[in-house]
Structures are given as C-alpha cells and as structure tokens.
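An overview of the molecular structure
Chain residues, written in single-letter form:
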Amino acid sequence: QIWDSVQNHIGNEVLNFVLAKKGQSVFFTGTTCMFKTNTFKNYTLANNLTEDTYLSYDLICDGEKISYNNNSSSYEEVAFDARSYLFRKRRWSAGHTKAFFDHFKKIFKSKISFSEKCKLIIHGQFFLLPVITALLVNVYGIYFYLQFFT
C-alpha cells in the first residue's frame, strides 16, 4: 500500500509540480479537479480505460492549458494487495498506451510548442519502456550470439 501511494501521489505530484513551475500544462490524473463548464461542451470523456489521460492528450494537443494547484489535496484508494496493484497497473498501462497511440498523429499535427510535443511523446512511451528494453536486450543478445558463433 505504501508503494502504491508513493508511486501514484508523489510521482504524479512531483511531475505536475515541475511541469507547472516550467509553465507547461500538467496531466490530469483523475483524482481531484475542477473544469470550466464549457470544457465538457467541447470535450467528452473517452471510452478508454484511462479517460483522464485521454482527456489530457485531447486538451494539450488542442492548446488548452491544464494547470496544477499544489495547495489542494485528495485521497484515493490504494491497492490492498500485490495482485490488485498489478491488475490496476496493467489496466493503466493498456489505457495509457492506447491513449498515446490514438493521439500519436495529432501530437505531430497540433500547433503546440515543440517542448509540449516532446513532453507528450516522453509521457506516452512510459509504459512502453519495458517492451522496448526487452526488445533491445534480445537484439543485442542475438547480435553477440551471432558474433561468437560465426
């Protein structure tokens, strides 16, 4: 439970705090928020496992600003055991990655700054890092195997 809370709250809080200090939009993390009414006249929550991430990509790609108030606080449930923690992370990974791929072209076509585009690309590939790492380790392994045996 401590790991879950630390990873979610401190990880998201630190990321959003740093982005806010740099004057960039933060990522809506689905815990506590306020929206202007007209936001939901123009945007809807997607049918996605991580609708908060999906909405963040929609808003940021369209040049909308998502701000962060570090004086607010919220409470959320944490996983009560390792199994529920892993299942939730798997769900977040799938939803996060789908949101990223659904917005991939839009990120490049949008009229946001280069730094905002970079932020979205770095954020989007977060859950892909283990896959990329495993792929590279296997490619290197095959390369060195072939060097040794040929």
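Higher on the page you've got the structure.
A few points on the structure. (Residues numbered from 1 in each chain as written. Predicted model: local features only at pLDDT ≥ 70, side-chain atom pairs only at ≥ 80, totals over all residues. Heavy atoms only, no water.)

Further remarks concern the nonpolar core. Counting 17 residues, the largest nonpolar core has Tyr57, Ile60, Ile107 and Leu120 as its most contacted members. Residue contributions to this core peak at six residues, all from helix α3 (residues 51–61). With residues up to four places along the chain from it excluded, the contact list for Tyr57 reads His96, Ala99, Phe100, His103, Ile107, Leu120, His123 and Gly124. (Core = buried A, V, L, I, M, F, W, Y, C linked by side-chain atoms within 4.5 Å. Buried < 20%, exposed > 50% of the residue type's maximum accessible area, 1.4 Å probe, protein only. Helix = DSSP H or I, 4+ residues; strand = E, 2+ residues; numbered from the N terminus. Contact = heavy atoms within 4.5 Å.)

Running from amino to carboxyl end, α3 crosses helix α4 (residues 82–109) at an angle of 15 degrees, the nearest separation of the two axes being 9 Å. It follows that α3 is roughly parallel to α4 by the angle criterion. Along this stretch, α3 crosses α4, giving a crossing that reads as right-handed. Contacts from Thr53, Tyr54, Tyr57, Asp58 and Cys61 in α3 reach His96, Ala99, Phe100, Asp102, His103, Lys106 and Ile107 in α4. Its residues assigned to classes, the contact of α3 with α4 shows six nonpolar, three polar and three charged. (Axes fitted to C-alpha atoms, helices over the stretch in contact; angles between N-to-C directions. Parallel < 35°, antiparallel > 145°, perpendicular 65-115°, else oblique. Left-handed = near helix turned anticlockwise from the far one by under 90°. Nonpolar A, V, L, I, M, F, W, Y, C, P; charged D, E, K, R; others polar.)

Another point: the environment of Tyr57. Summarising the element assignment, Tyr57 is placed in helix α3. Overall, Tyr57 belongs to the buried group, its relative accessible area being 0%. As a C-alpha pair, Tyr57 and Asp102 span 45 residues in sequence and 9.4 Å in three-dimensional space. Among the polar contacts made by the side chain of Tyr57, one reaches the side chain of His123 at a distance of 3.0 Å. (Polar contact = N/O pair within 3.5 Å; in protein donor to acceptor, adjacent residues only side chain to side chain.)

As for its position among the elements, Ile121 is in helix α5 (residues 114–124). As a C-alpha pair, Ile121 and Ile107 span 14 residues in sequence and 8.0 Å in three-dimensional space. If we ignore the near neighbours within four places in the chain, the residues touching Ile121 are Phe100, Ile107 and Phe108.

Glancing now at a nonpolar patch on the surface. On the surface, Phe126, Leu129, Ile132, Leu136, Tyr140, Tyr143 and Phe144 cluster together into a nonpolar patch covering about 730 Å² of accessible area. With respect to the helices and strands, Tyr140 occurs in helix α6 (residues 129–149). (Patch = residues over 30% accessible without salt bridge, like charges linked within 9 Å, V, L, I, M, F, W, Y side chains within 5 Å. Areas by Shrake-Rupley, 256 points an atom, 1.4 Å probe, with all protein chains shown as cover. Salt bridge = Lys/Arg side-chain N within 4 Å of Asp/Glu carboxyl O.)

This part takes up the environment of Lys111. Note that Lys111 resides in the loop between α4 and α5. Spatially, the C-alpha atoms of Lys111 and Tyr143 are 41 Å apart, while their sequence positions differ by 32 residues.

Attention now goes to the pattern of salt bridges. Applying the stated criterion across every chain yields a total of four salt bridges. Here Lys106 and Asp58 are joined by a salt bridge, their closest N and O atoms 3.9 Å apart. Taken as a pair, Lys106 in helix α4 and Asp58 in helix α3 lie far apart in primary sequence, 48 residues in all. Overall, the relative accessible area of 30% leaves Lys106 in the partly exposed class. Take Asp58: its relative accessible area is 13%, and that puts it in the buried class.

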